Amino acid sequence: MSSSPLLELRTQSIGRFEFEDGMVVDDAAFTFAVTSPASSSDGLVIVCPSLTGTPITLQQWWRDVGPGDAQRRYATLYPHAFSPSSVGSRSRSTPPSIRDLARGIVALVRALALPQATLVTGGSLGGMLALEVGLESGPSTHALVIAAPAVQTAWSAGWNRIQLQAIEMGGAVAGLALARAVGMMTYRSEAEFETRFGHDVRVDDGPSMISYLDHHGRRLVERFDALEYERRVRAMDTQDVGRGRGGWRAALRPHADRLTAVGIEGDTLYSADIVEQWARAVGAGYAAMTSIHGHDAFLLERDQMRAVIEAAFARAVSAQPAALLDH
């Protein structure tokens, strides 16, 4: 795949927006990046961010795992966040929910005059967003939901609470670094850590578990905003596709033919069982991945991920109305 153009982070007004808690903002805006093929676009793919995903990191992931046809012929939208002016402490006392973010993405697509997405995807937090965007979009949008539940789990909510406390107590540098260390303990597996480090806890003499966690903490502080991290963690805890829709089964069943869930065997954050349960219960598609890496397999197992995405994209394209396919 040839190199992609550099991404430019932009902000687009989406106009009047009512958040799920009832608050109305007259001038909501969304930050994002979008790439288009050299020729006229055949459609749109939306790649939703994981907890610390940015348009730049998402573009690299999509270049590695996205189908070549999608990258040659489809515009790609990388949503980032509501702009701070819309959700900052002076405007709102609570951060947006997953559903708010998803509805904001749908509104962003309209504001940019982009076509309805053929495929929306993402992993973890991005999977939650992809599921909600799929429900909020029209019938031609298929959602590939990777390593994400239909309803936030108690297990994940507990880990999120610890991360938020780390930031509250340690601030934007030490606190964020500690939150990242906590998160890394859930993104990878015991088997991987034992294979890599075993009982090696040395700090200054080669790789160790301690230096590994410290390294990831430092890297995140250098590249990511602590306030946006906190917003996204809190948003994850709002995930419940059944809220106000009669429960998650009732919410998902009407859309099952355009939903595919991906579970990762060995994932200790959102187990494959959790993901498979909601998919099978409503008749959605399901694909399994296996990896020693655990939750982060969707970022690291590029060959497996590419195969899953290619299959989902092919199904999404084949299901498009004839008028769209002839465009």
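Residues numbered from 1 in each chain as written. Predicted model: local features only at pLDDT ≥ 70, side-chain atom pairs only at ≥ 80, totals over all residues. Heavy atoms only, no water.

1. As for helix 11 (residues 272-282)
Part 1 of the reasoning: Of all the residues in helix 11, the buried ones are A272, V275, W278, A279 and V282. An end-on view of helix 11 places all buried positions within 145° of arc, on one side of the element. Set apart from the buried face of helix 11 by more than 90 degrees, the exposed residues are D273 and R280.
Part 2 of the reasoning: In this structure, the buried side of helix 11 is in contact with helix 5 (125-136), strand 6 (142-146), helix 10 (248-252), strand 7 (259-265) and strand 8 (285-290).
Part 3 of the reasoning: Immediately downstream of helix 11, the backbone of G283 shows phi near 85°, a positive value. (Buried < 20%, exposed > 50% of the residue type's maximum accessible area, 1.4 Å probe, protein only. Helix = DSSP H or I, 4+ residues; strand = E, 2+ residues; numbered from the N terminus. Arc of directions from axis to C-beta. Contact = heavy atoms within 4.5 Å.)

2. A word on the environment of T11
Part 1 of the reasoning: Following the sequence through the fold, T11 ends up in strand 1 (residues 10-18).
Part 2 of the reasoning: Here T11 falls in the exposed class, since its relative accessible area comes to 52%.
Part 3 of the reasoning: Considered as a pair, T11 and F30 are 19 residues apart in the sequence and their alpha carbons are 5.5 Å apart.
Part 4 of the reasoning: Residues contacting T11, with those up to four places away along its chain left out, are A29, F30, T31, F32 and S83.

3. Things to note about the layout of surface pockets
Part 1 of the reasoning: The calculated volume of the largest pocket comes to roughly 730 Å³.
Part 2 of the reasoning: Lining the largest pocket are 33 residues; nearest its centre among them are S50, T52, R180, R223 and L299.
Part 3 of the reasoning: Those elements that provide at least two residues to the lining of the largest pocket are helix 1 (55-65), strand 5 (119-123), helix 6 (154-187), helix 8 (209-223) and helix 12 (297-300).
Part 4 of the reasoning: Among the elements that take part in the lining of the largest pocket, helix 6 stands out by supplying eight residues, more than any other. (1 Å grid on protein atoms, 1.4 Å probe; cavity = no way out; pocket = protein on both sides within 12 Å on 5 of 7 lines; lining within 4 Å. Points joined across faces, edges and corners; volume = space filled by probe spheres on them.)

4. As for the sheet that holds strand 2 (residues 24-35)
Backbone hydrogen bonds are what pair the strands of a sheet, in a parallel or an antiparallel way.
Part 1 of the reasoning: Spatially, the eight strands line up as an open sheet ordered 1-2-4-3-5-6-7-8, and their pairing is mixed. Here the strands that pair on one side only, and so sit at the sheet edges, are strand 1 and strand 8. Between one strand axis and the next, the sheet turns through 25° on average, direction left out of account.
Part 2 of the reasoning: Here strand 1 pairs with strand 2 via seven bridges, running antiparallel. (Pairing = 2+ DSSP bridges. Axes fitted to C-alpha atoms, helices over the stretch in contact; angles between N-to-C directions.)

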